[in-house]
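# Observations on the model geometry
Given next are the chains, with one letter for each unit.
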Amino acid sequence: MEPRNNVTYFIRLGLTQNPKEQKALFLRFLLFYVLTIVGNMLIVVTVTFSKTLKSPMYFFLSNLSFMDVIYSSSITPRLISDLFFGANTISFQSCMTQLFTEHFSGGSEVFLLLVMAYDRYVAICKPLHYLVIMRQRVCIVLLVVCWIEGFMHSIIQLSTIYGIPFCGPNAIDHFFCNMYPLLKLICTDTYVIGLLVVADGGLICTEFLLLLISYGVILHSLKNLSQEGRRKALQTCGPHITVVVFFFVPCIFMYVRPAKTFPIDKPLSMFYTVVTPMLNPLIYTLRNSEMTNAMKKLWRRNVISCNK
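The rules behind the values
- Within each chain, residues carry numbers counting from 1 in the order of the written sequence.
- Two thresholds apply to this predicted model, a pLDDT of at least 70 for residue-level local features and 80 or more for giving and counting side-chain atom pairs, whereas whole-chain, interface and lining totals are computed over all residues.
- Side-chain figures throughout are based on the complete set of non-hydrogen atoms in the structure, without hydrogens or water.
- UniProt positions are given in the numbering used here, feature names are shortened, and annotations may be inferred rather than shown by experiment.
- Helix and strand definitions follow DSSP, with helices as H or I runs of at least four residues and strands as E runs of at least two, each counted in order from the N terminus.
- The set of buried Ala, Val, Leu, Ile, Met, Phe, Trp, Tyr and Cys residues whose side-chain atoms join them within 4.5 Å is what this entry labels a nonpolar core.
- Only protein chains enter the calculation, and the probe is 1.4 Å; a residue is then buried if its accessible area is under 20% of its type maximum, exposed if over 50%, and partly exposed in between.
- We define a salt bridge as a side-chain nitrogen of Lys or Arg found within 4 Å of a carboxyl oxygen belonging to Asp or Glu.
- Here an angle of 0 to 180 degrees is reported between the N-to-C directions of two axes, which are lines fitted to C-alpha atoms, with helices fitted over the stretch in contact.
- Throughout, the term roughly parallel applies to angles under 35 degrees, roughly antiparallel to angles over 145, roughly perpendicular to angles from 65 to 115, and oblique to all others.
- Handedness of a helix crossing follows the sense of rotation of the near helix relative to the far helix, less than a right angle counterclockwise being left-handed and clockwise being right-handed.
- In this analysis, two residues are considered to be in contact whenever any of their non-hydrogen atoms come within 4.5 Å of each other.
- Ten residue types, Ala, Val, Leu, Ile, Met, Phe, Trp, Tyr, Cys and Pro, are classed as nonpolar, four, Asp, Glu, Lys and Arg, as charged, and the remainder, Gly among them, as polar.
- The criterion for a disulfide is a pair of cysteine sulfur atoms lying within 2.5 Å.

In the numbering used here, UniProt assigns the "transmembrane region" (unreviewed entry) feature to residues 25–45, 57–80, 100–118, 138–156, 191–217, 237–256 and 268–286. Secondary structure across residues 100–118 comprises 100% helix and 0% strand; the distance between its end C-alpha atoms is 27 Å. Taken end to end, residues 138–156 is 100% helix and 0% strand, and its two terminal C-alpha atoms sit 27 Å from one another.

Written as structure tokens, this is what we have:
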């Protein structure tokens, strides 16, 4: 289906029009993006080549890091380029591609976070059956389901807007192609489209409620564990709860609401698209001795092999 509109490109107003502020933000976001790629790929490489990190938890963690790389790369590089060169134009097709990739990776990550919560529930509440329930084939199937759910979510989001006539103006009041700023540029009634977007975004709220229920069950079951068992359980669940809050709370505000734009949209979008993917590696590694030890061993092994 070809888009029926008079707009061939969009102009994104970005975060600021001040050249000095743009240069300062360029350096900041460039640093954020480098840290995001290095941190997340370090987790992927460590889990892939480590002999000790073979549990389902680390399998899902490495895939979460990979999704973060895709998610951040769908938005941040073009943002960095716009801040440096001051060229904020993006073609219609590139804008739709960015919208699809963002929702594909972000939607897949939403479902993966739910799977990771289920993994922790089984590990803590059903430890004797953990290896049977979370066997390799089951983990792979769950991961594939996450990608399929993310794909379906992105298709629904894209289909609600692709092919709808854009008559102008073509200025997006945002730093990337997001649904609600795009809806403002459509020259037909967007009430039904807005309801569809909110309904699809409502899945995020459902997933968040399921996560809260699962962790409520986990916390309730901790009373039956020893003090050392509770400490280990909280140590493994704490980082995941932190990531869930950082990711879901801004997303719920952004998508589970009337189809309008607010001044706080840009700062919130900047947090969950740029900052959160950078923080995830730190959250999952700083208090995880297994991960840090595996990284050190992998680093020493590579250094020794290079010296030889």
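For the rest of this paragraph, the subject is the nonpolar core. Core analysis: the largest hydrophobic core is formed by 61 residues, its most contacted members being Phe29, Leu112, Leu113, Phe248 and Met291. In terms of nonpolar packing, the next biggest core, distinct from the first, is built from 22 residues, Ile90, Tyr162, Cys177 and Ile193 among them.

The next thing to look at is the pattern of salt bridges. Under the definition given, this model contains three salt bridges. For the salt bridge of Arg12 with Asp82, the shortest nitrogen-to-oxygen distance reads 2.5 Å. Of the two residues, Arg12 is situated in strand S1 (residues 9–12) and Asp82 in helix H3 (residues 76–85); the sequence distance between them amounts to 70 residues. Asp82 carries the same exposure label as Arg12, and that label is buried. The shortest N-O distance in the salt bridge between Asp119 and Arg120 comes to 2.9 Å. On the basis of relative accessible area, Arg120 is assigned to the buried category, the value being 9%.

Attention now moves to the packing of helix H2 (residues 56–73) against helix H10 (residues 265–285). At a minimum axis separation of 9 Å, H2 and H10 run at an interaxial angle of 155 degrees. When the interaxial angle is binned, H2 and H10 end up roughly antiparallel. Between H2 and H10 lies a crossing whose hand is left-handed. For the pair H2 and H10, contact is made by Leu61, Leu64, Asp68, Tyr71 and Ser72 and by Tyr272, Thr273, Pro277, Asn280 and Tyr284, respectively. Residue composition of the contact of H2 with H10, by class: six nonpolar, three polar and one charged.

A complete count under the given rule lists one disulfide for this structure. Across the disulfide, Cys95 is cross-linked to Cys177 (sulfur-sulfur distance 2.0 Å). The S-S bond linking Cys95 to Cys177 shows a torsion near -130 degrees; that makes this disulfide left-handed. Here Cys177 lies in the loop between strand S3 (171–172) and helix H7 (179–183) and Cys95 lies in helix H4 (residues 92–125), a separation of 82 residues in the sequence. Note on accessibility: Cys95 and Cys177 belong to one class, buried. As a non-bridged cysteine, Cys146 has Cys139 as the owner of its nearest cysteine sulfur, 11 Å distant. When its relative accessible area of 2% is taken as the criterion, Cys146 is described as buried.

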